Amino acid sequence: MQLTDVRIRKVLKDGKLKAIVSITFDDVFVVHDIKVVDGDKGLFIAMPSRRSSDGEYRDVAHPINSDTRDEIQNTILAKYREMLDSDENNSDE
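Residues numbered from 1 in each chain as written. Predicted model: local features only at pLDDT ≥ 70, side-chain atom pairs only at ≥ 80, totals over all residues. Heavy atoms only, no water.

*Asks:* I tried to follow the overall build of the protein chain on my own but got confused; where do I start?
*Replies:* On a plain count of helices and strands, the protein chain comes out with one helix and six strands. Taken along the three principal axes of its C-alpha coordinates, the protein chain extends 50 × 30 × 20 Å. With 93 residues in all, the protein chain has 24% of them scored as buried. A total accessible area of about 6,800 Å² is found for the protein chain, and carbon and sulfur atoms account for 46% of it. Both charge centroids of the protein chain, one from 14 positive and one from 19 negative side chains, sit 7 Å from each other. (Helix = DSSP H or I, 4+ residues; strand = E, 2+ residues; numbered from the N terminus. Buried < 20%, exposed > 50% of the residue type's maximum accessible area, 1.4 Å probe, protein only. Areas by Shrake-Rupley, 256 points an atom, 1.4 Å probe, with all protein chains shown as cover. Lys, Arg positive; Asp, Glu negative; His and termini not counted. Charge placed at Lys NZ, Arg CZ, Asp CG, Glu CD.)

Okay, here's the thing in structure tokens:
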């Protein structure tokens with residue numbers, strides 16, 4: 001499966017949550033509500049989750065191996081940084 005589209009919505013409020021992302025695989029399957037979070041060790045992604053009856057959050061959709069997770073995270077964070085650079089360049093004009 002190939003990641004064929006990444007759509008990023010920047011979060012304008014201050015805080016650790018920086019963006020909400022939707023990704024598409026093979027132009028036929030989409031996953032919404034992936035979060036870009038600024039953590040203690042830098043940016044990372046959090047997969048879409050839902051609170052269970054015991055109060056814990058559980059991922060609704062997630063990769064089942066670390067290589068796929070790394071590929072998704074690296075792609076999303078690269079696009080997020082590109083968006084920030086583009087925003088910065090546009091504000092300088």
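*Asks:* Explain the side chain of Ser22 to me, please; I cannot follow it from the model alone.
*Replies:* Within the element layout of this structure, Ser22 appears in strand β2 (residues 17–25). For Ser22, the residues in contact, after removing those within four places along its chain, are Asp5, Val6, Arg7, Arg9, Val30, Val31, His32 and Asp33. (Contact = heavy atoms within 4.5 Å.)

*Asks:* When you look at the pairing of strand β1 (residues 3–10) in this model, what are you seeing that I'm missing?
*Replies:* Put simply, side chains in a regular strand alternate between the two faces of the sheet. By the bridge criterion, seven bridges tie β1 to β2 in an arrangement that is antiparallel. Bridge pairing in β2 places Val6 opposite Ile23. Between β1 and β2, which pair antiparallel and follow one another directly, the connecting turn spans six residues, one of which, Gly15, has a positive phi of 140°. (Pairing = 2+ DSSP bridges.)

*Asks:* Is there a simple way to think about the pattern of salt bridges in this case?
*Replies:* Oppositely charged side chains can form a pair if their charged atoms are brought close together. Under the counting rule described, the total for this entry stands at four salt bridges. Ionic pairing is found between Arg7 and Asp5, a salt bridge with its closest N-O pair at 2.6 Å. Accessibility expressed as a relative area gives 57% for Arg7, which makes it exposed. Between Arg58 and Asp54 there is a salt bridge, with its nearest N and O atoms 3.1 Å apart. Since its relative accessible area comes to 48%, Asp54 is described here as partly exposed. (Salt bridge = Lys/Arg side-chain N within 4 Å of Asp/Glu carboxyl O.)

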